[in-house]
Amino acid sequence: MQAILANYSASITELKKSPTQLLNDANNEVVAILNHNIPSAYLVPSKIYEKMIEIIDDYYLSLEVEKALNSDEKPIKVSLDDL
């Protein structure tokens, strides 16, 4: 059995009727869209999607910082006034 990773769910038929109403009914939280009781998609409000993208960007930036800190390159000292 596949997990449903949302507190709210709806059928594809309900999604076709009114996506905006689904989000309103779910209090602007993620809605699992089910096809034969199996999640086929997730309807994600824009604010949550933007936050997800921000977290992903921060994660990839942290990987780059970690790579730079662990490299053998000699650090360059810079004052904040130079920036």
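Keep in mind that what you see is a predicted model, and the values were worked out from it rather than measured. (Residues numbered from 1 in each chain as written. Predicted model: local features only at pLDDT ≥ 70, side-chain atom pairs only at ≥ 80, totals over all residues. Heavy atoms only, no water.)

Break down the sheet that holds strand 1 (residues 8–11) for me, with residues and values.
A sheet is described by the order of its strands in space; here 3 strands give the open sequence 1-2-3, paired in mixed fashion. Each edge of the open sheet is held by one strand with a lone partner, namely strand 1 and strand 3 (38–43). Ignoring which end each strand starts from, the neighbouring axes of this sheet average 35° apart. Of the pairings in the sheet, the one linking strand 1 to strand 2 (residues 31–35) comprises 4 bridges and is parallel in character. The residue of strand 2 that forms the bridge with Tyr 8 is Val 31. (Pairing = 2+ DSSP bridges. Helix = DSSP H or I, 4+ residues; strand = E, 2+ residues; numbered from the N terminus. Axes fitted to C-alpha atoms, helices over the stretch in contact; angles between N-to-C directions.)

Hey, could you go over a nonpolar patch on the surface for me, with residue numbers and the actual values?
A surface patch of nonpolar side chains, about 680 Å² in accessible area, is lined by Tyr 49, Met 52, Ile 53, Ile 56, Tyr 59, Tyr 60 and Leu 63. Inspection of the secondary structure puts Tyr 59 in helix 3 (residues 46–69). (Patch = residues over 30% accessible without salt bridge, like charges linked within 9 Å, V, L, I, M, F, W, Y side chains within 5 Å. Areas by Shrake-Rupley, 256 points an atom, 1.4 Å probe, with all protein chains shown as cover. Salt bridge = Lys/Arg side-chain N within 4 Å of Asp/Glu carboxyl O.)

Would you mind going over the pairing of strand 3 in detail, with residue names and values included?
Looking at chain direction, strand 2 and strand 3 are connected through 5 bridges and run antiparallel. The residue of strand 3 that forms the bridge with Ala 32 is Tyr 42. Joining the antiparallel neighbours strand 2 and strand 3 is a turn of 2 residues, in which His 36 adopts a positive phi near 55°.

Tell me about the pattern of salt bridges, and please be specific about residues and values.
Within the structure shown, the criterion is met by 2 salt bridges. A salt bridge links Glu 54 to Lys 51; the nearest nitrogen and oxygen atoms lie 3.5 Å apart. Of the two residues, Glu 54 and Lys 51 both sit in helix 3, 3 residues apart, roughly one turn of that helix. In this structure, the salt-bridge partner of Lys 67 is Glu 64, at a minimum N-O distance of 3.5 Å. Of this pair, Lys 67 and Glu 64 both sit in helix 3, 3 residues apart, roughly one helical turn.

Interpretation note: all reported values are geometric properties and have no functional meaning in isolation.
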